[in-house]
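Next come the chains, spelled out residue by residue.
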Amino acid sequence: MQDLHYFPGHMKKTQRAIEEVIKKVDAVCEILDARIPLSSRNPDIDALTAGKPRLIVLNHTDQADSAKTKLWSAYFRCCGYAVMETAAKSGAGVKEFVPAVRALLSEKLQRYAEKGQAGRTIRVMVVGIPNVGKSTFINRVAGKIRAKAENRPGVTRSNQWVNVGGSLELLDTPGILWPKFEDQAAALRLAFIGAIRDEVMDLEELACALMEFLARDYPACLLERYKVSPETGESGYDLLCRTGRKRGFLISGGEVDTERMAKVLMDEFRSGKLGRFTLEQPEAVQEQRYEE
Ligand SMILES: Nc1nc2c(ncn2[C@@H]2O[C@H](COP(=O)(O)OP(=O)(O)OP(=O)(O)O)[C@@H](O)[C@H]2O)c(=O)[nH]1
Ligand SMILES: [Mg+2]
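Residues numbered from 1 in each chain as written. Chains lettered and ligands numbered in written order. Predicted model: local features only at pLDDT ≥ 70, side-chain atom pairs only at ≥ 80, totals over all residues. Heavy atoms only, no water.

(A) Representation of the overall build of the chain within the structure. Scanning the chain from N- to C-terminus turns up twelve helices and six strands. Rg of the C-alpha trace for the chain: 21 Å, near the compact-globule value of 19 Å for 292 residues, within the 12% margin. Principal-axis analysis of the C-alpha atoms places the extent of the chain at approximately 80 × 45 × 35 Å. Summed over its atoms, the accessible surface of the chain is roughly 14200 Å², and 48% of this surface lies on carbon and sulfur atoms. Looking at charge distribution, the chain has the averaged site of its 43 positive side-chain charges lying 8 Å from that of its 40 negative ones. (Helix = DSSP H or I, 4+ residues; strand = E, 2+ residues; numbered from the N terminus. Rg over C-alpha atoms; globule rule 2.2 N^0.38 Å. Areas by Shrake-Rupley, 256 points an atom, 1.4 Å probe, with all protein chains shown as cover. Lys, Arg positive; Asp, Glu negative; His and termini not counted. Charge placed at Lys NZ, Arg CZ, Asp CG, Glu CD.)

(B) Representation of the side chain of T258 in the model. Here T258 lies in helix α11 (residues 258–271). A residue is classified by how much of its surface remains accessible, and T258, at 9% relative accessible area, is buried. Among residues more than four places away in sequence, those in contact with T258 are E204, Y237, L240 and C241. (Buried < 20%, exposed > 50% of the residue type's maximum accessible area, 1.4 Å probe, protein only. Contact = heavy atoms within 4.5 Å.)

(C) Quick peek at the packing of aromatic side chains. Using the criterion set out here, one finds ten aromatic pairs in the structure. Summarising the aromatic geometry, the rings of W72 and Y75 are spaced 5.2 Å apart at their centres and angled 85° between planes, so their arrangement reads as edge-to-face. Pair noted here: W72 and Y75 are both in helix α3 (residues 66–78), with a separation of three residues, about one helical turn. Classification of W72 as buried rests on a relative accessible area of 1%. For Y75, a relative accessible area of 16% puts it in the buried group. (Phe/Tyr/Trp six-rings, centres within 6.5 Å; stacked < 30°, edge-to-face > 60°.)

(D) Seen up close, the coordination of the magnesium ion (ligand 2). Coordination of the magnesium ion (ligand 2) by the protein is provided by S135 (OG) and T156 (OG1), with metal-donor distances spanning 2.0 to 2.2 Å. With S135 in helix α6 (residues 134–142) and T156 in the loop between α6 and β5 (160–163), this pair connects stretches of sequence that are 21 residues apart. (Donors = N, O, S within 2.8 Å, 3.2 Å for Na, K, Ca; no water.)

(E) Here's a closer look at the site of ligand 1. Taken together, 23 residues surround ligand 1, and among them K134, T136, G154, V155 and T156 come closest. Within the side chain of D62, a nitrogen or oxygen atom sits 2.8 Å from a nitrogen atom of ligand 1. With three residues, the top contributor of residues to the shell around ligand 1 is α6. The class makeup of the residues in the shell around ligand 1 is seven nonpolar, eleven polar and five charged. (Near = heavy atom within 4 Å. Polar contact = N/O pair within 3.5 Å; in protein donor to acceptor, adjacent residues only side chain to side chain. Nonpolar A, V, L, I, M, F, W, Y, C, P; charged D, E, K, R; others polar.)

(F) Seen up close, the side chain of R41. Locating R41 in the fold gives a position in the loop between β1 (27–33) and α2 (44–48). Within polar-contact distance, the side chain of R41 engages the side chain of E30 at 3.0 Å.

(G) Structural context of the pattern of salt bridges. All told, the structure shown has 15 salt bridges when counted by the stated rule. As a salt-bridge pair, E96 and K95 come within 3.8 Å of each other at their nearest N and O atoms. For K95, a relative accessible area of 70% puts it in the exposed group. R247 is the salt-bridge partner of E268, the closest N and O atoms lying 3.5 Å from each other. With E268 in helix α11 and R247 in helix α10 (residues 236–247), this pair connects stretches of sequence that are 21 residues apart. The class of R247 is partly exposed, set by a relative accessible area of 34%. When salt bridges with common partners are traced through the structure, they connect E30, R41, D46 and R54 into a single cluster. (Salt bridge = Lys/Arg side-chain N within 4 Å of Asp/Glu carboxyl O.)

(H) Main features of helix α9 (residues 219–226). When we look at burial in α9, the residues that qualify are C221, L222 and Y226. Along the long axis of α9, the arc covered by the buried residues comes to 100°, so they all point the same way. Among the exposed residues of α9, those oriented more than 90 degrees off its buried face are A220 and E224. Just downstream of α9, K227 is the residue with a positive phi angle, here 60°. (Arc of directions from axis to C-beta.)

(I) Structural detail: the confidence of the model for the chain. On average, the chain scores 88 in pLDDT, and the residues at 70 or more come to 91%. For the chain, the element scoring lowest by mean pLDDT is helix α12 (residues 284–291), at 47; strand β3 (residues 82–85) scores highest, at 98. Confidence drops under a pLDDT of 50 for residues 284–288, and excluding neighbours within four residues, the segment shows four contacts in the predicted structure. (pLDDT = per-residue confidence, 0-100.)

Laid out in structure tokens, this is it:
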């Protein structure tokens with residue numbers, strides 16, 4: 001697969017916008033995708049938001065492996081962050097947000113109360129990579145549609161304050177990704193879940209890579225959904241062909257329409273029809289510690 005570089009102009013603008021606004025916010029809420037908690041982190045966020053209390057939201061938990069989500073929560077708590085688990089699309093877990101922010105800022109709120117400013121506005125900036133669910137999450141917290149949310153990366157184009165009631169304002173921001181993917185495996189995982197615009201990639205190559213990943217880590221789901229059992233050493237392309245043939249996706253001359261099968265595979269993986277997946281886990285040594 002060709003190197004993936006994804007840094008359209010508006011992402012640079014977002015970095016500048018964060019630098020401008022960070023002084024005005026009380027806390028930062030970083031939304032991650034529970035399916036790829038590491039690859040969906042932006043390494044620049046730590047530097048950009050330095051010193052601000054941080055809440056990590058593991059979103060998309062409805063599509064992730066729940067046992068692994070628990071491990072990731074423990075991992076981030078161990079790193080010193082406050083953590084929440086949500087599925088913003090259905091709203092699951094979102095009601096924990098306001099209490100979590102209040103707990104995170106308890107000292108500040110106490111100071112405000114002592115000064116007779118109990119109702120003073122608290123501002124939280126919501127950040128995360130494209131398509132992770134920032135706008136959906138904010139709409140859920142607000143209890144109504146306030147920010148535009150759609151299933152494609154790059155929907156939110158500029159910072160937008162949303163008053164969610166209870167003296168709380170949330171700042172919706174455009175998704176930001178790091179300027180250059182150093183780690184191609186992480187880039188691939190981002191592409192799998194749809195955080196990179198499909199237009200900039202070869203969907204068939206992506207589907208072959210996903211087939212190889214599924215054959216290695218989740219062969220049972222291929223058997224269950226497509227009645228295809230991966231053979232040792234079988235390439236992603238061969239698997240795509242076999243699956244396409246099983247589905248009857250043929251073009252003239254009896255050849256398999258691999259492009260169509262690629263699209264179906266990506267759609268079914270992303271929509272959850274293939275099951276729930278967590279593509280990354282905390283390092284084995286840490287995992288042991290969390291299980292004790
Ligand atoms: N299954 C599932 N889908 C979700 C979840 N959260 C958001 N989505 C969907 O993901 C898509 C993207 O959501 P948005 O809220 O627009 O994401 P965003 O982070 O604001 O995206 P940008 O503004 O483009 O950076 C939408 O189709 C949402 O319905 C979730 O927890 N589970
Ligand atoms: Mg958005």
